[in-house]
Amino acid sequence: MEKAEVAKRIKELRESRHLSQNALANIAGVSPTYIYQLERGEKSPTIEYLNYICSALGISLCDFFRTSTDTLLNVDSLSKAQLQYLNIFLESLSR
């Protein structure tokens with residue numbers, strides 16, 4: 001994950017929890033300036049500090065790096081033939 005992506009992710013998670021930068025900083029035990037610099041992409045967090053921030057946001061480090069496109073299988077990208085084979089396979093499991 002690039003520095004800009006980390007910055008965006010921290011901001012999105014913070015805002016989704018209706019936290020100010022100050023509130024997140026207080027909960028995470030870091031300075032508000034540090035959160036501000038992270039969200040602007042001016043600094044890169046260490047794993048230790050990112051873990052503090054994740055804990056304050058109520059998520060794990062794994063959750064932080066997980067994206068909405070992390071799936072085992074993207075069904076939309078399968079051809080009709082592949083979908084048919086997948087359906088046959090899934091039906092065989094339910095027998």
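Residues numbered from 1 in each chain as written. Predicted model: local features only at pLDDT ≥ 70, side-chain atom pairs only at ≥ 80, totals over all residues. Heavy atoms only, no water.

**Some remarks on the overall build of the protein**
So, step 1. Helix and strand counts for the protein come out as 6 helices and 0 strands.
So, step 2. If you list the helices and strands of the protein from N to C, you get α-α-α-α-α-α.
So, step 3. Within the protein, buried positions represent 22% of all 95 residues.
So, step 4. Across the protein, contacts joining residues at least 24 apart in sequence account for 49% of those joining residues at least 6 apart.
So, step 5. In the form shown here, the protein has an accessible surface area of approximately 6800 Å², with 52% of it arising from carbon and sulfur atoms. (Helix = DSSP H or I, 4+ residues; strand = E, 2+ residues; numbered from the N terminus. Buried < 20%, exposed > 50% of the residue type's maximum accessible area, 1.4 Å probe, protein only. Contact = heavy atoms within 4.5 Å. Areas by Shrake-Rupley, 256 points an atom, 1.4 Å probe, with all protein chains shown as cover.)

**Things to note about unusual backbone geometry**
So, step 1. Of note in this structure, H18 is not a glycine but carries a positive phi near 55°.
So, step 2. Summarising the element assignment, H18 is placed in the loop between α1 (3-16) and α2 (21-28).

**Considerations on the packing of aromatic side chains**
So, step 1. Summed over all chains, the structure comprises 3 aromatic pairs.
So, step 2. Residues Y49 and Y52 carry aromatic rings whose centres are separated by 5.3 Å and whose planes lie at 85° to one another, so their mutual orientation is edge-to-face. Within this pair, Y49 and its partner Y52 are both found in helix α4 (residues 47-57), separated by 3 residues, close to a single helical turn.
So, step 3. On the accessibility criterion, Y49 (35% relative accessible area) is partly exposed.
So, step 4. Connected via pairs of aromatic rings, a cluster forms that spans Y34, Y49 and Y52. (Phe/Tyr/Trp six-rings, centres within 6.5 Å; stacked < 30°, edge-to-face > 60°.)

**Examining the packing of α2 against helix α3 (residues 32-39)**
So, step 1. In the contact formed by α2 and α3, the axes pass within 8 Å of each other and the chain directions differ by 115°. Remark: the crossing between α2 and α3 carries right-handed chirality. Along the contact surface, α2 presents Q21, N22, L24 and A25, while α3 presents P32, I35, Y36 and E39.
So, step 2. Residues that form the contact of α2 with α3 fall into these classes: 5 nonpolar, 2 polar and 1 charged. (Axes fitted to C-alpha atoms, helices over the stretch in contact; angles between N-to-C directions. Left-handed = near helix turned anticlockwise from the far one by under 90°. Nonpolar A, V, L, I, M, F, W, Y, C, P; charged D, E, K, R; others polar.)

**Regarding the pattern of salt bridges**
So, step 1. All told, the structure shown has 4 salt bridges when counted by the stated rule.
So, step 2. K8 serves as the salt-bridge partner of E12, at 3.9 Å between the closest nitrogen and oxygen. Taken together, the positions of E12 and K8, both in helix α1 and 4 residues apart, correspond to about one turn of that helix.
So, step 3. Overall, the relative accessible area of 54% leaves K8 in the exposed class. (Salt bridge = Lys/Arg side-chain N within 4 Å of Asp/Glu carboxyl O.)

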